[in-house]
2 protein chains.
Amino acid sequence: MKHTIIIDTLGSDNGPEAILDGAKAVLEKYPEISLTIVGDEKIIKKHDLDFSRVKILHAPDTVTNYDNPMLSLYEGKVVSIFKGMEELSKGEAIGMITAGNSGAVLVGAVKYLLTPQRTRPCLAAIMPNTKGGYTALVDTGASIDVGVNQLHEFARLGRDFMKKLYKIDNPRIGLLSNGSEPTKGNKLVKEAHKVFAEDKELNFVGNIEGNKTLSGLCDVLVCDGFAGNQVLKNAEGMAVNLITEMVKYAKVKHEEEHIMPLIGYLMKTYDFESLGAGIVLGIKYPVIKCRGSCKKEAIATASNVLINLSEDKNIYDGIDDHRK
Amino acid sequence: MKHTIIIDTLGSDNGPEAILDGAKAVLEKYPEISLTIVGDEKIIKKHDLDFSRVKILHAPDTVTNYDNPMLSLYEGKVVSIFKGMEELSKGEAIGMITAGNSGAVLVGAVKYLLTPQRTRPCLAAIMPNTKGGYTALVDTGASIDVGVNQLHEFARLGRDFMKKLYKIDNPRIGLLSNGSEPTKGNKLVKEAHKVFAEDKELNFVGNIEGNKTLSGLCDVLVCDGFAGNQVLKNAEGMAVNLITEMVKYAKVKHEEEHIMPLIGYLMKTYDFESLGAGIVLGIKYPVIKCRGSCKKEAIATASNVLINLSEDKNIYDGIDDHRK
């Protein structure tokens, strides 16, 4: 086998079966890949998989949205995210995929995957922008309460990531705010603005407003995790509302023939399965965090990204981007 | 004349002319309304208006997004927002409309329009929700750095507003967060959650995620002004992106005939001119804050709202809501 990918089956909103369907799709699509599947052994064994290419790690416990992820580390449970990251830390797999709790992903990353520089990791989402490129949103919801130093670190990690993966010489860094002027922002953003502007190694392009996050004005968009979560979810909510209205309209006006293909096109352009996926920055080996609500396609896409990363290809090689 | 409305002509992104076009539309639509127009006398006088129903207040100075609104009060300038609010405080007009700086709106409201209870005012946006009703978003961007007590006050002001205007018995209060569970949120939101849950006079329905802000799960959605700005702007940005894609698609596929009417329908449903307008809560007389980028239609809609308010009608009476 050429590569091994670790897949965590627990913590998904759709149950382990949805993730195992994803694992099956990966095994079928990539004959040279083997999987290490983490979760409840009984459930995994029941699934229809090519077990000759599967290693099972039994870890039946999970961190729910009601748990404190930090405490979960020390409760004597066998938590699948942590088990998977421990396995990843051995350096034998090319990366890990999980749909589990974002907080637990960060806690596990800090415990098992810190670099020698001991950078605090963060979670980036790669969003397709209207210029035909991609913007990395850092942080997308893992680090909720942060200080200026952390925002500064997010900017540097995002820059290095976009430099490496998209071969962008000097990635443009934007700061999410409530206005484009340097005087706009909450206390945290105003302070960060000063620090970013003074850092000569950052190609800082200033504040970006919420209606311009997908406009391609920057390659890396920096914010705290609470705001990053709002960016992704409000855009998604609006898209879902508009598409729902479009379906209603198509039915009432008997225009399905013309409107449904348009809806298909829009859903492909703003694919929230990929949009919502995050990649942990600043750690030894790559971890992709899919949305809790992800389906099997997201697991296959994430595997494709991990393969590209390990082979130093453009991150979206082999992934359908119909804009290209 | 039955009512007087005060219109501030400065601070708009489209210059005083756009606002004056709005004033003209108001005079034409409502023959029983007179206007007090605030701004640069020379510019106002040049505009084609029925001056028999117009009083001009000369106040040529403005607060830009680069100014500190608080300092602007004491710089000896004749700022149009403040001049208008001073006039409003006399109790002769039914309300005021401005497209100026949100911070200045709040500063002026505190100086000229406080109630005897001396409540700190806030800015609400009335958003059409997918259940066919309206949700008040409080605060929409005027109070950026706030504490728990202020969020609590926003909840109470929003509740009283929705009770009075929509005759809702016990408005449902939601708290914007990064997850629906009570454990989710930044430090501020977690603390506010506890306070809201303990207040027996609030019909608190818990945390609301960013993708559910327009789902009609609550009548009042509470958040700080930074987050509220993200809610409005990210939804708007996504809508603009999708509509731009739709126009492109219609052209390439030669489907204009079918797609353009759909776009018209969607733009009416999610009318960002109204969506972006705010109303100041917790002050003596109503002030409507239109978006900086508003056009004349927004001024006419805001005037309609002020008339309904003064006549104790449903706030959207006479305003086209094609969902009804």
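Residues numbered from 1 in each chain as written. Chains lettered and ligands numbered in written order. Predicted model: local features only at pLDDT ≥ 70, side-chain atom pairs only at ≥ 80, totals over all residues. Heavy atoms only, no water.

A few points about the overall build of chain A
Inclusion rule: Put simply, DSSP marks the helices as runs of H or I at least four residues long and the strands as runs of E at least two long, and each gets a number from the N terminus on. For the exposure calls, accessible area comes from a 1.4 Å probe over protein chains only, and a residue counts as buried if that area is under 20% of its type's maximum, exposed if over 50%, partly exposed in between. Any two residues whose heavy atoms approach within 4.5 Å at even a single point are treated as in contact. Each accessible area value is a Shrake-Rupley result obtained with a 1.4 Å probe; residue values ignore everything except the protein chains displayed when judging cover.
Across its full length, chain A holds eleven helices and eleven strands. By principal-axis analysis of the C-alpha atoms, chain A measures approximately 60 × 55 × 40 Å. Looking at chain A residue by residue over its 324 residues, the buried ones come to 60%. Put simply, 67% of the contacts in chain A that link residues at least 6 apart link residues at least 24 apart. By element, 50% of the accessible surface of chain A is carried by carbon and sulfur atoms, the whole surface being about 13,300 Å².

Quick look at the domain arrangement of chain A
Cut-off, in case you're wondering: Each domain span listed reflects an automatic or database assignment of domains.
Partitioning chain A into structural domains gives domain 1 (1-114 + 283-324) and domain 2 (123-277). Each of domain 1 of chain A and domain 2 of chain A has a C-alpha centre, and the two are 24 Å apart.

Details of the environment of proline 182 of chain A
Within the secondary structure, proline 182 of chain A is located in the loop between strand S7 (172-177) and helix H7 (187-198). Between the C-alpha atoms of proline 182 of chain A and isoleucine 81 of chain A, which are 101 residues apart in sequence, the distance is 40 Å.

Considering helix H8 (residues 225-252) of chain B
All names here are of chain B. As a reminder of what qualifies: The length a helix should cover is 1.5 Å for every residue beyond the first. Polar contacts, as counted here, are pairs of nitrogen or oxygen atoms within 3.5 Å of one another; within protein the pair requires one atom able to donate a hydrogen and one able to accept it, and residues that are adjacent in sequence qualify only if both atoms are side-chain atoms.
Between its terminal C-alpha atoms H8 stretches 40 Å, which fits the 40 Å expected from 28 residues at 1.5 Å a residue. The buried count for H8 comes to 22 of 28 residues, which makes it a mostly enclosed element. Structurally, the start of H8 carries an N-cap: the backbone nitrogen of phenylalanine 226 is 2.8 Å from a side-chain oxygen of aspartate 224. Of the residues flanking the end of H8, it is histidine 254, one or two places downstream, whose phi is positive at about 50°.

A few points about empty space enclosed by the protein
Basically, it comes down to this: Here the term cavity refers to a set of points on a 1 Å grid, laid over the protein atoms alone, in which a 1.4 Å probe fits but cannot get out; the term pocket refers to an open set having protein on both sides within 12 Å along at least five of seven lines, with lining residues being those that place an atom within 4 Å of a point. Grid points are joined across faces, edges and corners, and a volume is the space filled by probe spheres set on the points. Charged means Asp, Glu, Lys or Arg here, nonpolar means Ala, Val, Leu, Ile, Met, Phe, Trp, Tyr, Cys or Pro, and polar covers whatever is left, Gly included.
Here the structure, examined in full by the defined rule, presents four cavities of 30 Å³ or more. In this structure, the largest cavity spans a volume of roughly 50 Å³. Around the largest cavity sit Leu151, Leu175, Leu176, Leu188, Val189, Val222, Cys223, Asp224 and Ala227 of chain A together with Phe226 of chain B, which together line it. Those elements that provide at least two residues to the lining of the largest cavity are S7 and H7 of chain A. Per-class residue counts for the lining of the largest cavity are nine nonpolar, no polar and one charged.

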